[in-house]
Amino acid sequence: MSLKMLSRGALVLGLAFSLSACFGSAPPVPKEQYFRLIASTEPAAVEKPVEGVVEVPLFQAEGVMGERPLLFTKDNGMKLEQRNYAYWTDPPPAMLRDQLVAYLRAARLAGDVVPSELRVNAQFRVEGRIKRLEQLDGARNGGAIALELALIDKSTDAIVASGTYEVTKEASGPNIDDAVHALNAGLNEIFARFAADLAQRG
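Read on for an overview of the structure. Model, not experiment: these values are computed from the prediction.

## Topic: the side chain of Gln99
Part 1 of the argument: Counting through the fold element by element, Gln99 comes out in helix H2 (residues 92-106).
Part 2 of the argument: Those residues within four positions of Gln99 in sequence are excluded, and the remaining contacts are Leu37, Ile38, Ala39 and Phe191.

Here you go:
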């Protein structure tokens, strides 16, 4: 190999090192995180249980409310954005339905509470709709959750009890983990209020 070629190779290598020093190394890709909301496993028992089986279909949710990326807002819900690399373990309509089933079973609302996919002969149905499920980010840190819940008598399609439940909880810090803890506290408060309304039904 000639001296000229060696010099040219050294020049190219030196230029590559210089460019690397100028631009630096690429930042590491953030690690994906997965979160779930978990309802209380020891709720107070419903004082006035219903007779029969209660089924719970998937919650209804419009647009981004039903998608797995976590949502956040800096203006109390006027503008929603999806978090990158932060997801719910399951789509919110399934995750919240499954948690409500577990909660109502533990609260002994009925002889049994089942997901509607089992297609059992149920006497009642609980319908749920997700209105809000987001991290509050900015001047205040926390989580906002709002659900519409209704117990329906399947034999008559009459509403036995219903309500719209909205809770905003302050978080202990600005991190996503803190917001999820706040949302979980809000979820348990909503389920407890719904169970109390069921106990007071006419």
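Resuming the write-up.
## Thoughts on the packing of H2 against helix H3 (residues 176-199)
The relative placement of two packed helices comes down to the angle between their axes together with the axis-to-axis distance.
Part 1 of the argument: Axis separation between H2 and H3 bottoms out at 11 Å; the angle between their running directions is 50°. If you check the angle between H2 and H3, you find them oblique. Here H2 and H3 pass one another in a crossing that is right-handed. Here Leu96, Gln99, Leu100, Tyr103 and Leu104 of H2 lie close against H3, whose contacting residues are Leu187, Asn188, Phe191, Ala192, Ala195 and Leu198.
Part 2 of the argument: Grouping the constituent residues of the contact of H2 with H3 by class yields nine nonpolar, two polar and no charged.

## Some remarks on the pattern of salt bridges
Part 1 of the argument: Under the definition given, this model contains 15 salt bridges.
Part 2 of the argument: A salt bridge links Arg125 to Glu127, with the nearest nitrogen and oxygen atoms 2.6 Å apart.
Part 3 of the argument: Residue Arg125 is classed as buried on the basis of its relative accessible area of 17%.
Part 4 of the argument: The network of salt bridges with common partners includes Glu62, Arg129, Lys131 and Glu148.

What counts and how
Residues numbered from 1 in each chain as written. Predicted model: local features only at pLDDT ≥ 70, side-chain atom pairs only at ≥ 80, totals over all residues. Heavy atoms only, no water. Helix = DSSP H or I, 4+ residues; strand = E, 2+ residues; numbered from the N terminus. Contact = heavy atoms within 4.5 Å. Axes fitted to C-alpha atoms, helices over the stretch in contact; angles between N-to-C directions. Parallel < 35°, antiparallel > 145°, perpendicular 65-115°, else oblique. Left-handed = near helix turned anticlockwise from the far one by under 90°. Nonpolar A, V, L, I, M, F, W, Y, C, P; charged D, E, K, R; others polar. Salt bridge = Lys/Arg side-chain N within 4 Å of Asp/Glu carboxyl O. Buried < 20%, exposed > 50% of the residue type's maximum accessible area, 1.4 Å probe, protein only.

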